[in-house]
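# Residue-level structure breakdown
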Amino acid sequence: MRAHIVCYEKPPSWILGKIADKLCNTLKALSIDSTISDQPDFNADVNHHIYYLPFKGHKTKIDTLLVTHIDKQEKLRILLGQLAVADGAIFFSEQTRKI
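Residues numbered from 1 in each chain as written. Predicted model: local features only at pLDDT ≥ 70, side-chain atom pairs only at ≥ 80, totals over all residues. Heavy atoms only, no water.

Where helix H2 (residues 73–83) is concerned, the buried positions are Lys75, Leu76, Leu79 and Gln82. In a view along the axis of H2, the buried residues occupy a sector of 125 degrees, so they form one face of it. Relative to its buried face, H2 has exposed residues pointing more than 90 degrees away, namely Gln73, Arg77 and Leu80. Packed against the buried residues of H2 are strand E4 (63–67) and strand E5 (88–91). (Buried < 20%, exposed > 50% of the residue type's maximum accessible area, 1.4 Å probe, protein only. Helix = DSSP H or I, 4+ residues; strand = E, 2+ residues; numbered from the N terminus. Arc of directions from axis to C-beta. Contact = heavy atoms within 4.5 Å.)

Now the structure itself:
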């Protein structure tokens, strides 16, 4: 399996970059081929987008989104549109997942 982390900020800067870096290193420690860049990798088995808002819906084999929080109706509208394309989402909080 090959996993690709799509991080829209340069790892390991700021919190999302640190999350992407840690996730990539953890996957490698589990013997899963893992890479990071700011663009999807259409050859990877899975593209996990660190932070959902920049996801433009360019479908790859499997796309998952990291959802930190939904604090505005506009963000919910965007996420619902993205989930029509993406294969799933990982929610940081149970409260956000229940929206």
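Back to the text.
In terms of nonpolar packing, the biggest core is built from 18 residues, with Ile5, Ile50, Tyr52, Leu65, Ile70 and Leu79 touching the most fellow members. Elements represented by at least two residues in this core include exactly strand E1 (2–7), helix H1 (14–29), E4 and H2. Tallying contributions element by element places H1 first for this core, with four residues. Those residues in contact with Tyr52, other than ones at most four positions away along the chain, are Leu65, Leu66, Val67, Thr68, His69, Ile70, Lys75, Leu79 and Gln82. (Core = buried A, V, L, I, M, F, W, Y, C linked by side-chain atoms within 4.5 Å.)

So, about the pattern of salt bridges. By the definition in use, this model includes six salt bridges. Asp33 is the partner of Arg2 in a salt bridge, and the nearest nitrogen-oxygen pair spans 3.4 Å. Here Arg2, found in strand E1, pairs with Asp33, found in strand E2 (residues 33–37); they are 31 residues apart in sequence, far enough to count as distant. For Glu74, the salt bridge identified is with Arg77, shortest N-O distance 2.5 Å. One end of the pair is Glu74 and the other is Arg77, both in helix H2 and three residues apart, which spans about a single turn. Overall, Arg77 belongs to the exposed group, its relative accessible area being 52%. Taken together, the shared-partner salt bridges in this structure form one network comprising Arg2, Asp33 and Asp41. (Salt bridge = Lys/Arg side-chain N within 4 Å of Asp/Glu carboxyl O.)

Next up on the list: the environment of Gln82. With respect to the helices, strands and loops of the structure, Gln82 is situated in helix H2. For Gln82, a relative accessible area of 6% gives the class buried. Counting along the chain gives 18 residues from Gln82 to Thr64, while the straight-line C-alpha distance between them is 9.9 Å.

Let's shift gears to unusual backbone geometry. Positive phi, normally seen in glycine, also occurs at Ser31, with a value near 65 degrees. Locating Ser31 in the fold gives a position in the loop between H1 and E2. Accessibility expressed as a relative area gives 70% for Ser31, which makes it exposed. You will see that Tyr51, though not glycine, has its phi angle at about 85 degrees, which is positive. Summarising the element assignment, Tyr51 is placed in the loop between strand E3 (46–50) and E4. Taking the relative accessible area as the measure of exposure, Tyr51 reaches 18% and is therefore buried.

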